[in-house]
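Residue strings, one per chain:
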Amino acid sequence: MIELRQLSKTFPTSEGSFDALKDVNLTISDGDIFGVVGMSGAGKSTLVRCINLLERPSSGQVLIDGQDMTALAPKQLRQMRRSIGMIFQQFNLLMQRTCLKNICFPMEIAGMDAAQARQKGMQLLEIVGLPDKAGAYPVQLSGGQKQRIAIARALASDPKVLLCDEATSALDPTTTRSILRLIQDINRRMGITVVIITHEMAVVEEICSHVAILDHGRVMETGTVEEVFQNPQTEAGRRLVYPDGVRLDQLSAANVVRIAFNGGSSYEPLIASLAIDCGVKVNILGADTRNVNGQAFGTMLLGLPQDGTEAAKALAYLRAQPDVTVEEVPDYHG
Amino acid sequence: MDKVLEQITDVLTNPRMHAEFLDGIWETVYATVAATAAACLLGLLLGILLVVGEKDGVRPLPAPVMKVLNFVINVLRSVPFLILMLMVLPLSKVLVGTRVGTIASIPPLIIAAAPFVARLVESTLREVDKGVLEAAQAMGCSPFQIVWKVILPESLPALIAAATTSFITILSYGAMAGAIGGGGLGKIAINYGYNKYNYGVMLVSVVLIVILVQLIQSIGTHLALRLDRRVRLAEKKGRLREIQKKERTARRRPGI
């Protein structure tokens, strides 16, 4: 289990200091695939680098299985880091080493017998699906292949945790998907806890079980992906979940409701039947559907009529529907 | 012109001149190799310290230590070689027992070249991707392991290129040392060409020095290229030109 307690990180800059992280509290349970999303500059990378102390937090604690990372002596910290694998956006492979030797590197560092390391390296190459690349140098590989080698290298020290710092941001969508599948597979098969830093919501949707939304160094929302996606509570959350859903400032409507479809029901007939059954015309201000872990979720912003009774009628009708949550949006910027 | 041709013919036919040139080549090669080996070792150590010990380095050293180190290197780099050599000759007397000859020129060559090599090494090592260092740290590498297993192997091709540049620089320093008692081809060129107006001999010496430089340069460049895993085979030609260009600019500096 990874626990971040009151974590803050301040960087000195020429114009005073910059708070990259402010009082961050997070708990990541074993076996989770935990996504940390945010716009660029939200502090995501600093957050993940605080977990293995590549960045030393200004204050607060990083507890891994109850062990406070910030309290460790350099030697113990190095030992601890070996149980935390990490992959990067730019792969960061050793360019002068073959793929196999790259994978063997962490084992070499830990003082493992060379023949044994080699054998394990070959197994890992098998796991990431590149058994024929043992003797190839990184320059001969594509981006996706490089990331696979990096994943194999991260797994070489039998980590409990895998940190992914924008690991798919340099890859095309198809490759991204295949790398995510691999990460998911590793999480399921080996029970490794995964922390994924990303600015792409698609990555979170694809594989994460839990998500935290980071904005200006603060955790705005956290919970299961279903919870957060269905019903983002904060402005930052909505901005990420519906990046180009609604241009709020262009629309004007007084009674705005957000309806969420919790899987199962198809929503097209809902609006049609609302119009037919109640005779109420609603304005669709925005709609978005998403596929989260195999379940279909959708959300829609509806502008109800100005007339109070008609609006109430529509609201009652919507609330009566199964698998639909209705929420009024009082802070709608009309 | 005829006279020069005559002198050249003399060099090529006269056994005494043959012996003198063979000696000269040997002395130049031996002084250069010895000084390069020592200067590279010293320069490598200093260069590693400069990179590893800086504020954001792998193993930061106290700021005053770094300041002194940088200052000393800069001072040694700014003293013109001939003057430095004159200043260091008493040290040669202590170290190798003489102020004249090939052996006496080796300590000044080392002292003059080591700071130059240190700066070359420094800039070479800085080119190792910061991300790779970070990855190594994340894997639990100690500072020593990062230097020994990441920084040095990753920059090996560039270090070989730097060693080649150093060798050539030291060769030209060594030729200058001929003016104040050092041995080798430089001495022959100055003795005959400058003191006796025997331009033929000087010309032959210069040609021999040029051949030596070309030889070392080709060996160094090809070795660096062969060990470079960052480029694909097809791109190696372009890379070769790039390295050569870089080496030329590295050598073109004030003081030589």
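Because the structure is a prediction, the values reported are computed rather than measured.

Moving on to the overall build of chain A. Looking only at helices and strands, one finds eleven helices and 14 strands in chain A. When its C-alpha atoms are laid out on the principal axes, chain A stretches across 80 × 50 × 35 Å. Residues classed as buried in chain A amount to 53% of the 334 residues present. At a minimum sequence separation of 6, the contacts of chain A that also span at least 24 residues come to 68%. Counting only carbon and sulfur atoms, one obtains 48% of the accessible surface of chain A, whose full area is about 14,700 Å². Treating the 32 positive side-chain charges of chain A as one cloud and the 37 negative ones as another, the clouds have centres 9 Å apart.

The biggest cluster of nonpolar side chains holds 75 residues, and the ones touching the most others in it are Leu4, Leu47, Met69 and Val195 of chain A. Top contributing element to this core by residue count: helix 5 (residues 102–126) of chain B, with ten residues. Among all residues touching leucine 4 of chain A, those that are not within four sequence positions of it are Val24, Asn25, Leu26, Leu47, Ile51, Gln61 and Val62 of chain A.

Before going further, it helps to spend a moment on unusual backbone geometry. Residue and element names in this part refer to chain A. One non-glycine residue, leucine 53, adopts positive backbone phi at about 65°. Structurally, the position occupied by leucine 53 is in the loop between helix 1 (44–51) and strand 4 (59–64). For leucine 53, a relative accessible area of 5% puts it in the buried group. Here the phi dihedral of aspartate 158 falls at roughly 50°; this positive angle occurs in a residue that is not glycine. You can see aspartate 158 is positioned in the loop between helix 5 (143–155) and strand 7 (161–165).

A word on helix 2 (residues 15–52) of chain B. Across its 38 residues, helix 2 of chain B extends 54 Å between first and last C-alpha, which sits within 8% of the 56 Å expected from 1.5 Å per residue. Here helix 2 of chain B starts with a cap whose side-chain oxygen sits 2.9 Å from the backbone nitrogen of arginine 16 of chain B, and that cap is asparagine 14 of chain B.

On to the side chain of aspartate 68 of chain A. Residue and element names in this part refer to chain A. By the element assignment, aspartate 68 lies in strand 5 (residues 67–68). No salt bridge is formed by the buried aspartate 68. Its closest oppositely charged neighbour is arginine 56, at 7.7 Å. For aspartate 68, the side chain forms a polar contact with the side chain of glutamine 61, separated by 3.2 Å. Apart from residues no more than four positions distant in its own chain, aspartate 68 is found in contact with Gln61, Val62 and Leu63.

Our next topic: the pattern of salt bridges. Scanning all chains against the criterion turns up 18 salt bridges over all chains. When the shortest N-O distance is used, the salt bridge between aspartate 158 of chain A and lysine 120 of chain A registers 2.9 Å. Here aspartate 158 of chain A, found in the loop between helix 5 and strand 7, pairs with lysine 120 of chain A, found in helix 4 (residues 114–127); they are 38 residues apart in sequence, far enough to count as distant. Using a relative accessible area of 17% as the deciding quantity, one classes lysine 120 of chain A as buried. Note that arginine 238 of chain A is salt-bridged to glutamate 235 of chain A, the shortest N-O span being 3.9 Å. In this pair, arginine 238 of chain A and glutamate 235 of chain A both sit in helix 9 (residues 235–241), three residues apart, roughly one turn of the helix. When salt bridges with common partners are traced through the structure, they connect Glu54, Arg119, Glu122 and Arg126 of chain B into a single cluster.

Right, let's get into the sheet that holds strand 5 of chain A. Residue and element names in this part refer to chain A. The strand order 2-1-4-5 describes an open sheet built from four strands, whose pairing is antiparallel. With partners counted over all chains shown, the strands left at the sheet margins are strand 2 (16–28) and strand 5, one partner each. Bridging between strand 1 (residues 2–13) and strand 4 involves five bridges; their strand directions are antiparallel. When the bridges of strand 4 are listed, isoleucine 2 appears paired with isoleucine 64. The strands touched by helix 1 within the sheet are strand 1, strand 2 and strand 4, with strand 1 carrying the most contacts at an inclination of about 120°.

All names here are of chain A. For the pair helix 3 (residues 99–109) and helix 5, the least separation of the axes is 7 Å and the interaxial angle reads 30°. Taken together, helix 3 and helix 5 sit at an angle that is classed as roughly parallel. For the element pair helix 3 and helix 5, the recorded crossing hand is right-handed. On the side of helix 3, the interface is formed by Cys99, Asn102, Ile103 and Pro106, while helix 5 contributes Ile149, Ala152 and Arg153. Here the residues of the contact of helix 3 with helix 5 sort into five nonpolar, one polar and one charged.

What counts and how
Residues numbered from 1 in each chain as written. Chains lettered and ligands numbered in written order. Predicted model: local features only at pLDDT ≥ 70, side-chain atom pairs only at ≥ 80, totals over all residues. Heavy atoms only, no water. Helix = DSSP H or I, 4+ residues; strand = E, 2+ residues; numbered from the N terminus. Buried < 20%, exposed > 50% of the residue type's maximum accessible area, 1.4 Å probe, protein only. Contact = heavy atoms within 4.5 Å. Areas by Shrake-Rupley, 256 points an atom, 1.4 Å probe, with all protein chains shown as cover. Lys, Arg positive; Asp, Glu negative; His and termini not counted. Charge placed at Lys NZ, Arg CZ, Asp CG, Glu CD. Core = buried A, V, L, I, M, F, W, Y, C linked by side-chain atoms within 4.5 Å. Expected span 1.5 Å × (residues − 1). Polar contact = N/O pair within 3.5 Å; in protein donor to acceptor, adjacent residues only side chain to side chain. Salt bridge = Lys/Arg side-chain N within 4 Å of Asp/Glu carboxyl O. Pairing = 2+ DSSP bridges. Axes fitted to C-alpha atoms, helices over the stretch in contact; angles between N-to-C directions. Parallel < 35°, antiparallel > 145°, perpendicular 65-115°, else oblique. Left-handed = near helix turned anticlockwise from the far one by under 90°. Nonpolar A, V, L, I, M, F, W, Y, C, P; charged D, E, K, R; others polar.

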